[in-house]
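# Close look at the chain arrangement
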Amino acid sequence: GGSTLEAQKSIGHFVSQRLEDYWDKGSTMLSVNLPQVTLGPCKSAARIAHLHANLPGVLARVNHVLGEENINIAAQSLGTEGELGYVVTDVSQKPSQTTLDALSHIEGTIRMRVKPVIGFPHGPFRCSITEGAGRISGVTCRCRHRHQH
């Protein structure tokens, strides 16, 4: 910790920036609990963040599910560390709820989050946060719209 007020303030800014980078971009840079993936802003319709057990074939299954709906992958980053894998995929169109459900049910899925890019030419759409097969309901997104998560 910081021993001076100035050091404590600096640490507070640093930590809050890391949290904002995770929420806004899906970036896990300098995380001690997750594989490290450093990301810039999403320039596509949505960003899908998929935390999973580090098992062979998960990335292939994520890409297969997206390909089944003819969703183009604009960018993708994968990080693994120990027993965890984290893949972040920028997609060029809105995934259907069926596709989101299929992604969240891939073997080894721990948590998945979809962050739409508000104002993208295809329009905003519902955010989706899932934990395995469960859902979190009635959460207010950072975009200040009430969604089912």
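In this text the structure is predicted, and so the values were computed from the model without any measurement.

Scanning the protein from terminus to terminus reveals 3 helices and 8 strands. Counting the 149 residues in the protein, one finds 37% classified as buried.

This part covers the side chain of T109. When you line up the elements, T109 lands in strand β4 (residues 109–116). In this structure the side chain of T109 is engaged in a polar contact, spanning 2.9 Å, whose partner is the side chain of H50. Here the side chain of T109 touches I106 through a polar contact of 2.7 Å, landing on its backbone oxygen.

Moving on, we get to the environment of L59. Within the secondary structure layout, L59 lies in helix α2 (residues 58–68). Looking at L59, the relative accessible area reads 28%, which means it is partly exposed. Apart from residues lying up to four places away in sequence, L59 is in contact with Q76, L78 and V87.

This part is about the nonpolar core. Residues I48, V62, L66 and L103 are the most contacted members of the largest nonpolar core, which totals 14 residues. Counting residues per element, the ones that place at least two in this core are β1 (46–53), α2, β3 (84–91), α3 (97–104) and β4. For this core, the leading source of residues is α2, giving 4 residues. By size, the runner-up hydrophobic cluster in this structure holds 7 residues, among which are L34, A49, Y86 and V88.

What follows covers the confidence of the model for the protein. The predicted model of the protein averages 77 in pLDDT, with 70% of residues at 70 or higher. Low pLDDT, under 50, characterises residues 120–149; the stretch is placed with 67 contacts to residues that sit more than four places away or in other chains.

Even without being glycine, N70 reaches a positive phi, approximately 55°. With respect to the element layout, N70 can be found in the loop between α2 and β2 (73–81). Judged by relative accessible area, which is 65%, N70 ranks as exposed.

A few words now on the pattern of salt bridges. Scanning the model with the defined rule gives 1 salt bridge in all. Among the salt bridges present, the one from R47 reaches D90, with a minimum N-O distance of 2.6 Å. With R47 in strand β1 and D90 in strand β3, this residue pair connects regions lying 43 residues apart in the sequence. Here the two residues R47 and D90 agree in accessibility, since each one is buried.

Rules used in this analysis
- Residues numbered from 1 in each chain as written.
- Predicted model: local features only at pLDDT ≥ 70, side-chain atom pairs only at ≥ 80, totals over all residues.
- Heavy atoms only, no water.
- Helix = DSSP H or I, 4+ residues; strand = E, 2+ residues; numbered from the N terminus.
- Buried < 20%, exposed > 50% of the residue type's maximum accessible area, 1.4 Å probe, protein only.
- Polar contact = N/O pair within 3.5 Å; in protein donor to acceptor, adjacent residues only side chain to side chain.
- Contact = heavy atoms within 4.5 Å.
- Core = buried A, V, L, I, M, F, W, Y, C linked by side-chain atoms within 4.5 Å.
- pLDDT = per-residue confidence, 0-100.
- Salt bridge = Lys/Arg side-chain N within 4 Å of Asp/Glu carboxyl O.

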